[in-house]
Amino acid sequence: MHARARQISLDEWAGRYEQLRAGGLVEPWYGGPLSRHVAHGDTRLLHLRLDNSPAALRLWNFLLSEEDRLKEFRASGHKIVGVMKDLGTTPILAFALPKVVAFYPDGAWWLPCVMEMSTALLEASDALGIDESFCPVRAMLGAFVKGCHFPIPDLLTCSVGATCDDFSAIAQRLEALGYRILWWEVPHRRRADKSELAVTLPGGFEAPRSLVDFVGGELTRVRQALEELAGCPLDDAMLTEGIAQANRVRALLRELREVCFTASICPLGALEMLIAEMLAIHFCSDRGECIAVLEELLTEVKRRVAQGQGVLKSDQVRVFWVNPVADIQVMNLLEECGGRICGTDYLFCHALDEIPQDLPPMEALARMALADPMAGAAQDRAARICRDARRWGCQAVVVSRIPGASHCASEGDVIAEAVRSRLGLPVLEIEVPPLSDSIRPSLRTRLEALIETAGRPG
Amino acid sequence: MNSVVYSDAFVPAELIAACGLRPLRLLPARAAGADSSAVSQGVCPYAHAFMASLAQSDAAAVIFTTACDQMRRSCELLAARDHRPGFLLNVPHTQGDGAFGLYLSELERLRRFLCEVGGRCPTDAELIETMARYATARRSLLAARSRFTGRQFHEAILAVSNGLPMPAPKALAGRASDGIPIAVVGSPLMAGDAELFDALERFGGHVVLDATDSGEMALPTPQPDPQPGTPALESLARSYWHIPAAFRRPNDGLYEYLDREMAARAVRGIVLRRYVWCDTWHAELGRLRQRYPLSVLDLDVSEPFSPHTLTRVEAFLEVLRAR
């Protein structure tokens, strides 16, 4: 069953799948050949280099079957919560309740890429006045209106305050169409004044006690809404167990990152690592299965490292990547250019940190929500990026701008300046649209130049 | 007297004045020439111009708010580029009791900051007296609204907000007072941008509602005199808390205001004036068009007031006249 680790095309996966089946591969209910997703419109798969392991097969199938899973949950009487913007907090509350699942409508931002614009979500968004000057997450608005990519949630929540204006504006447009939203506030995270009590947050940032208390109050409103939806109370014991499960996911991801980023030969490509990391914020709507998927992936990665196997050459340049890409194919491109991912900040590094389990659960979640890198100063985010890039021995940093995202207008410069002055590393800033084919030659040239610069001795 | 620049309507000028400092709502000058490269990289022209204008200002300190993401981040840029102290006022986007409590505590923090940058800590009586003075000036201003042209009124709002005497209205230009009633809504203006009002009135319109973030809509709601025992700062916070704004979530208050005021002033056309990358206002365009059976002119004014814009304004008024 264990072929030598490598990246293969979707065509090659057809043969590989037959081989695995013949070898006794046992799959979960959502398993099957990856090519079937192309028939459902996920044509970007045809242009990707994919990991050849059964663990990666399971990961892709888990990701691409979320819509079916949500329909199943609804059919079986589960309540569905659409968690917008908030990166990792509300899903923990939702999954702590029986027969409640949460998903992340913002995830629709990848649909124009994965379906290579065939789904007309951006056009639907255009028709509502949300045009291409907004972040590609506007695809979410189109998905709601067309009603064909996820079930309309029973409850919609959205965090606002110290968030991107583009997302907040799109969510407001959604509400104006009749989708009621529970808004909750994440204020800008600042340092405590001299006269204030300071609290250390997961990840090492600090905030005044008063802000933590305020966010705790906001999360209590969310908790009450979820209890009402579920028709049963969410007590601290349930919440504590929910946090423990979330921490299990986070621990698996931290270990996966550690093993991958420190291995002498890259054991798992950037694409699968990106997908895996994204699971931290919403569990792809099935927390239990999410844990199983990550466990299998980690086992495979450890096996490869132990056997000295990898999917890339041993001399690939170690790159730290900032922000998620709207076109996932760009992760392949980096590797084709001679890079490998050895550190990431995909906007939710706080969702990889352990949630304190020695605190009252709501206090712990409030601290976590405030630790969101987007809630604070870009300098704070840059400091964490520098710390992690140093720790993992990165040789270069790519800041990948998200088109139209309000935070990308100025934070790239702040991060680049910090990386250059503190680490002396080359930094490249690029912008990645949902389909990057038309700018691929230029992206390739720029990434190759970065890799060449970073890989040069001295 | 040291001046303190502030960027947004949710910063109470009265508080700055009560601390013995001069409030200065800075409407930035367009940063000529420097705009294009930054704006093409996604920087809001207003935020860019605000930072450029600060360099020309001798203000002792600068107050930003979190009402807009790019301005929130501009406060951080100030710390990196400028020796002057900056203060970022957390203005909640939601409007529950907890959010009001946060806003009030932020005003308390602002008061401490103002004392640290050269102000004096006002007593409640001093703050109440300053609030009353501002309230009187605003009442006089609103009572005189019909005597001003659109541009004059916008400039008078700025003057009163900065604690200056209300300028005397000059004679109405041409036929403005019997022109087609227009509402201008959207982002705050930059210095000189009130030319838009002149253009609207020159082509036969009459700006009866300035619902921009630097206009009449952004004036605080007059509050009754503070009840005995109610801290003056809380009363001040309440008057600013209900300013209608596009960034609030939900922003129903904005539409309640527009519904009420546009009906009262028989508005026949709406001009949405916004900056490229201002997602907050841009996203309201579709809603304005759906909600009101009126013509809506969308002006993306990333460039200085151009002949192209002027032609669009003229055509807009022609269409309205024909209806």
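Fair warning: this is a prediction, and the values are worked out from it, not measured in the lab. (Residues numbered from 1 in each chain as written. Chains lettered and ligands numbered in written order. Predicted model: local features only at pLDDT ≥ 70, side-chain atom pairs only at ≥ 80, totals over all residues.)

So, on to the overall build of chain A. Tallying secondary structure elements over chain A gives 18 helices and 12 strands in all. Here the C-alpha radius of gyration of chain A, 21 Å, is about what a compact globule of 458 residues would show, namely 23 Å. Seen through its principal axes, chain A has C-alpha atoms that stretch 55 × 50 × 45 Å. Out of the 458 residues in chain A, the part that is buried amounts to 58%. (Helix = DSSP H or I, 4+ residues; strand = E, 2+ residues; numbered from the N terminus. Rg over C-alpha atoms; globule rule 2.2 N^0.38 Å. Buried ≥ 20, exposed ≤ 12 C-beta atoms within 10 Å, placed from the backbone.)

What follows concerns the overall build of chain B. The helix and strand inventory of chain B stands at 13 helices and eight strands. Based on the C-alpha atoms only, the size of chain B along its principal axes is roughly 55 × 45 × 40 Å. Across the 323 residues of chain B, 52% fall into the buried class. Long-range pairs, those at least 24 residues apart, make up 70% of the contacts in chain B with a sequence separation of at least 6. (Contact = placed C-beta atoms within 7 Å.)

Here we take up the interface of chain A and chain B. Taken together, the 38 residues of chain A in the interface contact 34 residues of chain B. At the level of secondary structure, the elements contributing two or more residues to the side of chain A that touches chain B comprise strand E5 (155-161), helix H9 (165-176), strand E6 (182-186), helix H10 (209-230) and helix H16 (378-391) of chain A. Here the side of chain A that touches chain B gets nine residues from one element, more than from any other, and that element is H9 of chain A. Taken together, the residues of the side of chain A that touches chain B break down into 17 nonpolar, 12 polar and nine charged. (Nonpolar A, V, L, I, M, F, W, Y, C, P; charged D, E, K, R; others polar.)

Turning next to the nonpolar core. The biggest cluster of nonpolar side chains holds 270 residues, and the ones touching the most others in it are Ile 170, Leu 294, Leu 370 and Val 397 of chain A. For this core, the domains that each give at least three residues are domain 1 (3-125) and domain 2 (143-232 + 244-322) of chain B. Beyond its immediate stretch of four places on either side in the chain, Leu 370 of chain A contacts Val 186, Arg 189, Leu 201, Ala 207, Leu 211, Val 212, Val 215 and Ala 375 of chain A. (Core = buried A, V, L, I, M, F, W, Y, C linked by C-beta atoms within 7 Å. Domains from an automatic or database assignment.)

Residue and element names in this part refer to chain B. Tracing the backbone shows Ile 16 in helix H1 (residues 13-18). Once the C-alpha coordinates of Ile 16 and Ile 182 are considered, the two residues, 166 residues apart in sequence, prove to be 34 Å apart. Setting aside residues up to four positions removed in sequence, Ile 16 forms contacts with Val 4, Leu 21, Pro 23 and Leu 114.

Moving on: the domain arrangement of chain B. All names here are of chain B. What the domain assignment reports for chain B is domain 1 (3-125) and domain 2 (143-232 + 244-322). Placing the centre of domain 1 and that of domain 2 at their C-alpha centroids yields a distance of 22 Å. Taken together, the contacts link 23 residues of domain 1 with 25 residues of domain 2. Every element with two or more residues in the side of domain 1 that touches domain 2 is listed here: H1, strand E2 (22-25) and helix H3 (45-54). By residue number, the principal contributor to the side of domain 1 that touches domain 2 is E2, which donates four residues.

Mean pLDDT over chain B stands at 92; residues scoring 70 or higher make up 94%. This complex was scored by the predictor with a pTM of 0.96 and an ipTM of 0.95. (pLDDT = per-residue confidence, 0-100.)

A separate point is the packing of helix H12 (residues 270-282) of chain A against helix H14 (residues 329-336) of chain A. All names here are of chain A. Interhelical geometry of H12 versus H14 gives an angle of 140 degrees and a closest axis separation of 8 Å. Between H12 and H14, the interaxial angle falls into the category oblique. Two secondary-structure elements touch here, H12 through Ala 270, Leu 271 and Leu 274 and H14 through Met 331, Asn 332, Leu 334 and Glu 335. Of the residues belonging to the contact of H12 with H14, the class tally is five nonpolar, one polar and one charged. (Axes fitted to C-alpha atoms, helices over the stretch in contact; angles between N-to-C directions. Parallel < 35°, antiparallel > 145°, perpendicular 65-115°, else oblique.)

This paragraph deals with helix H8 (residues 139-146) of chain A. All names here are of chain A. Among the eight residues in H8, six count as buried, and that is most of the element. When H8 is considered as a whole, its buried residues turn out to be Ala 139, Met 140, Leu 141, Gly 142, Ala 143 and Phe 144. Looking at the buried residues of H8, the elements they touch are helix H6 (111-114), helix H7 (121-127) and H9. Following H8 by one or two positions, Gly 147 has its phi on the positive side, about 60 degrees.

Residues and elements named next belong to chain A. Strands sit in the order E4-E3-E5-E6 across an open sheet of four strands; the sheet is parallel. Either end of the sheet is taken by a strand with one partner, and the two such strands are strand E4 (100-103) and E6. Across this sheet, the average inter-strand angle for adjacent strands is 25 degrees, counted without regard to direction. For strand E3 (residues 79-84) and E5, the ladder comprises four bridges, and the chain directions are parallel. Looking at the pairing, Gly 82 lines up with Leu 156 of E5. (Pairing = 2+ DSSP bridges.)

Attention shifts here to unusual backbone geometry. The omega angle of the peptide bond from Arg 249 of chain B to Pro 250 of chain B is -10 degrees, so this bond is cis rather than trans. Residue position: Pro 250 of chain B is located in the loop between helix H9 (232-241) and helix H10 (252-264). One non-glycine residue, Met 117 of chain A, lies in positive phi territory at about 65 degrees. Summarising the element assignment, Met 117 of chain A is placed in the loop between H6 and H7. Phi is positive for Asn 323 of chain A, close to 80 degrees, though the residue is something other than glycine. Assignment of secondary structure puts Asn 323 of chain A in the loop between strand E9 (317-322) and H14.

The next thing to look at is the pairing of strand E12 (residues 427-431) of chain A. Regular strands have side chains that alternate between both faces of the sheet. Residues and elements named next belong to chain A. Summarising the sheet, strand E11 (residues 396-401) and E12 pair through five bridges and their orientation is parallel. Paired with Arg 401 across the two strands is Glu 431, which belongs to E12. Once you follow E11 into helix H17 (residues 411-423) and on to E12, the crossover reads as right-handed. (Right-handed = clockwise from strand over helix to strand, strands pointing away.)

Note on placement: Glu 76 of chain B falls in helix H4 (residues 69-81). For Glu 76 of chain B, a count of 20 C-beta atoms within 10 Å translates into the label buried. Through-space distance from the C-alpha of Glu 76 of chain B to that of Phe 64 of chain B is 9.8 Å; in sequence the pair is 12 residues apart. In contact with Glu 76 of chain B, not counting residues within four places along its chain, are Ala 377, Ala 378 and Gln 379 of chain A.

A separate point is the sheet that holds E9 of chain A. All names here are of chain A. Spatially, E10-E9-E11-E12 is the arrangement adopted by the four strands of the open sheet, whose pairing is parallel. Pairing within the sheet leaves two strands with one partner each, and these edge strands are strand E10 (339-345) and E12. Across the sheet, the mean angle from the axis of one strand to that of its neighbour is 30 degrees, orientation sign disregarded. Where E9 meets E11, four bridges bridge the pair, whose relative direction is parallel. If you follow Trp 321 over to E11, its bridge partner there is Val 398.

The next subject is the environment of Asp 86 of chain A. Residue and element names in this part refer to chain A. Looking at the element boundaries, Asp 86 is found in the loop between E3 and helix H5 (90-95). By C-beta crowding, Asp 86 is classed as buried, having 26 other C-beta atoms within 10 Å. Apart from residues lying up to four places away in sequence, Asp 86 is in contact with Thr 157 and Ser 159.

Residues and elements named next belong to chain B. The interhelical angle for the contact between helix H6 (residues 124-143) and helix H7 (residues 150-161), taken along N-to-C directions, is 170 degrees, at an axis separation of 10 Å. Regarding the angle of H6 to H7, the classification is roughly antiparallel. Contacts between H6 and H7 pair Ala 137, Arg 138 and Leu 141 from the former with Ala 156, Ile 157 and Val 160 from the latter.

Residues and elements named next belong to chain A. Most of E5 is tucked away, with seven of its seven residues classed as buried. Neither face of E5 is exposed, since Leu 155, Thr 157, Ser 159 and Gly 161 on one face and Leu 156, Cys 158 and Val 160 on the opposite face are all buried. Bridge count between E5 and E6: five bridges; the pairing is parallel. Pairing of Thr 157 across the sheet is with Leu 182, part of E6. Read from E5 through H9 to E6, the crossover connection turns out right-handed.

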